[in-house]
Amino acid sequence: MKNQRSNKVLKRVLKVILVLLLLTAIVPYLIPLSKAEQPQYPFENSHHYDIDETTIHYRVYEPDTELVLGKTLLIHGLGGSAFSYETNAPILAQAGYLVITVDLPGFGYSSRNINEDHAQANRATQLWQLLDEIDQQALYNGSLTSSWHIGGHSMGGGTAVAMAFIRQDDIASVILIDGALFENNRSSTFVTLPIVSRIIQVLLEHVLIKPERIESFLTSAYGQTSTEEQVLGYLTPLTLNGTARSALALLKSAKNIPEESLSALDLPVLALWGEDDAWVPVENTIKIKDLLPQTQTTVIEGAGHVPMETHPREFNQIL
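Residues numbered from 1 in each chain as written. Predicted model: local features only at pLDDT ≥ 70, side-chain atom pairs only at ≥ 80, totals over all residues. Heavy atoms only, no water.

Novice: How do you make sense of the overall build of the chain when you look at a structure like this?
Specialist: Helix and strand counts for the chain stand at 11 helices and 8 strands. Going through the 319 residues of the chain one by one, you find that 49% of them count as buried. Accessible surface, the chain as shown: approximately 16,100 Å² in total, 56% of it carbon and sulfur. (Helix = DSSP H or I, 4+ residues; strand = E, 2+ residues; numbered from the N terminus. Buried < 20%, exposed > 50% of the residue type's maximum accessible area, 1.4 Å probe, protein only. Areas by Shrake-Rupley, 256 points an atom, 1.4 Å probe, with all protein chains shown as cover.)

Next comes the structure, spelled out in structure tokens:
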């Protein structure tokens, strides 16, 4: 009798497990996901540049002075966009720099491509094509030096380093803003499973990309409470159709250049960090300086992971 009861219980448990597995396999495909839309031009200084199937959105801040000091490209971090430099780019332009702030593919108002290659080397190649296009515009020919100052925040720091690795002679300096250069590059085949991919996309679009979630992430990154304007600055481009679908390509292909390659860079480097960065701790600057002894390190007291937004006055003075 006990064996019969045990068998019945086991069969019921197995049926429940089977039903749950079926629901897990089916339900994510019943929840709709948005498809990519045409890139937008949301700002007066918005521009787009097409590279094969990728469209890159960027903003141009023209120098306000007759004496042009140089050219600067500023690259955002994970989940960010050109919005990250709203309080910095205009100040640099006023000081006499041509400033370009860019949305990396899959972020901001750039295109959402489900097959995008997010390896830093590929991003670097795309951005150099963009800068070459800007350099060819008659407005700037002959008025500026040929080299660029390249600044990158967090994930964008890896992009800046990759750009330097590809074309070191065309760079005046690299600015690493709480740069994430040493994260684990090993991708898991787990995310390539169709059902896992679908669940990740559904969670992103219907659970994570929401005001309360963005506010929580920003408060953690900032080390202080985020404002409504800051939440909207990040949330608005993330809610564009196709973001969740394209995010999977990031998980599959994101890859930094090998850290041992950094020692080949022979150019000025500024490591500009928030003292209280809980995401990419300031101790990372020690490893950067070991690989790049010429690095100048500057730490902003009381700042978290995003000093250009939370401490713009100090950040701009240093930059």
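Picking up where we left off.
Novice: It is not clear to me how a nonpolar patch on the surface should be interpreted in this structure. Could you clarify?
Specialist: A cluster of nonpolar residues, Leu-203, Val-207, Leu-208, Phe-217 and Trp-279, forms a patch on the protein surface that exposes about 420 Å² of accessible area. For the nonpolar patch, the leading source of residues is helix H5 (residues 194-208), giving 3 residues. Its location among the elements puts Leu-208 in helix H5. (Patch = residues over 30% accessible without salt bridge, like charges linked within 9 Å, V, L, I, M, F, W, Y side chains within 5 Å. Salt bridge = Lys/Arg side-chain N within 4 Å of Asp/Glu carboxyl O.)

Novice: Sorry, what's going on with the packing of helix H6 (residues 211-222) against helix H7 (residues 228-238) here?
Specialist: Between two packed helices, what matters for the description is the angle formed by their axes and the separation of those axes. In contact at an axis separation of 9 Å, H6 and H7 are set at 125° when each is read in the N-to-C sense. Considered as vectors, H6 and H7 are oriented oblique to each other. Crossing handedness for the pair H6 and H7: right-handed. Along the contact surface, H6 presents Pro-211, Ile-214, Glu-215, Leu-218 and Tyr-222, while H7 presents Gln-230, Val-231, Tyr-234, Leu-235 and Leu-238. When grouped by side-chain class, the residues that make up the contact of H6 with H7 number 8 nonpolar, 1 polar and 1 charged. (Axes fitted to C-alpha atoms, helices over the stretch in contact; angles between N-to-C directions. Parallel < 35°, antiparallel > 145°, perpendicular 65-115°, else oblique. Left-handed = near helix turned anticlockwise from the far one by under 90°. Contact = heavy atoms within 4.5 Å. Nonpolar A, V, L, I, M, F, W, Y, C, P; charged D, E, K, R; others polar.)

Novice: Would you explain the pattern of salt bridges in this entry?
Specialist: Opposite charge on two side chains lets them pair, provided their charged atoms get close. Here the structure, examined in full by the defined rule, presents 6 salt bridges. Between Arg-59 and Glu-86 there is a salt bridge; the shortest N-O distance is 2.4 Å. Here Glu-86 lies in the loop between strand S3 (70-75) and helix H2 (89-94) and Arg-59 lies in strand S2 (residues 54-61), a separation of 27 residues in the sequence. On the basis of relative accessibility, which here comes to 8%, the residue Arg-59 falls in the buried class. Here the salt bridges do not stand alone but share partners, grouping Asp-132, Arg-167 and Asp-170 into one network.

Novice: It is not clear to me how the sheet that holds strand S6 (residues 171-177) should be interpreted in this structure. Could you clarify?
Specialist: The pairing of strands in a sheet happens through backbone hydrogen bonds and is either parallel or antiparallel. With mixed pairing, the 8 strands of this open sheet are ordered in space as S1-S2-S4-S3-S5-S6-S7-S8. Every interior strand has two partners, whereas the edge strands, strand S1 (46-51) and strand S8 (296-300), have only one. Going from strand to strand, the sheet's axes swing by 20° on average, the running direction of each strand aside. Together, S3, strand S5 (148-153) and S6 form the strand contacts of helix H4 (residues 155-166), whose direction differs from that of S5 by roughly 150°. (Pairing = 2+ DSSP bridges.)

Novice: What am I meant to see in the packing of aromatic side chains here?
Specialist: Centre distance and the angle of the planes are the two values used to describe a pair of aromatic rings. The final tally for this structure, using the stated rule, is 2 aromatic pairs. Taking the centre distance of 5.9 Å and the plane angle of 85° together, the rings of Phe-43 and Tyr-109 count as edge-to-face. Note that Phe-43 is positioned in the loop between helix H1 (2-30) and S1 and Tyr-109 in the loop between strand S4 (97-102) and helix H3 (120-135), a separation of 66 residues in sequence. When the centroid spacing of 5.8 Å and the interplanar angle of 80° are considered together, the rings of Phe-83 and Tyr-234 count as edge-to-face. With a gap of 151 residues between them, Phe-83 in the loop between S3 and H2 and Tyr-234 in helix H7 connect regions that are remote in the sequence. Judged by its relative accessible area of 16%, Phe-83 is buried. Note that Arg-167 overlies the ring of Trp-128, its terminal NZ or CZ placed 4.3 Å from the centroid. (Phe/Tyr/Trp six-rings, centres within 6.5 Å; stacked < 30°, edge-to-face > 60°. Lys NZ or Arg CZ within 6 Å of the ring centre and 35° of its normal.)

Novice: Looking at this model, I keep getting lost on empty space enclosed by the protein. Mind explaining?
Specialist: One water molecule sets the probe size; rolling that probe over the atoms shows where empty space is left. Applying the stated criterion across every chain yields a total of 2 cavities of 30 Å³ or more. Estimates place the volume of the second largest cavity at around 50 Å³. Considering the residues around the second largest cavity, the lining is formed by Gly-158, Val-161, Leu-181, Asn-256, Ile-257, Glu-259 and Leu-262. Taken together, the residues of the lining of the second largest cavity break down into 4 nonpolar, 2 polar and 1 charged. (1 Å grid on protein atoms, 1.4 Å probe; cavity = no way out; pocket = protein on both sides within 12 Å on 5 of 7 lines; lining within 4 Å. Points joined across faces, edges and corners; volume = space filled by probe spheres on them.)

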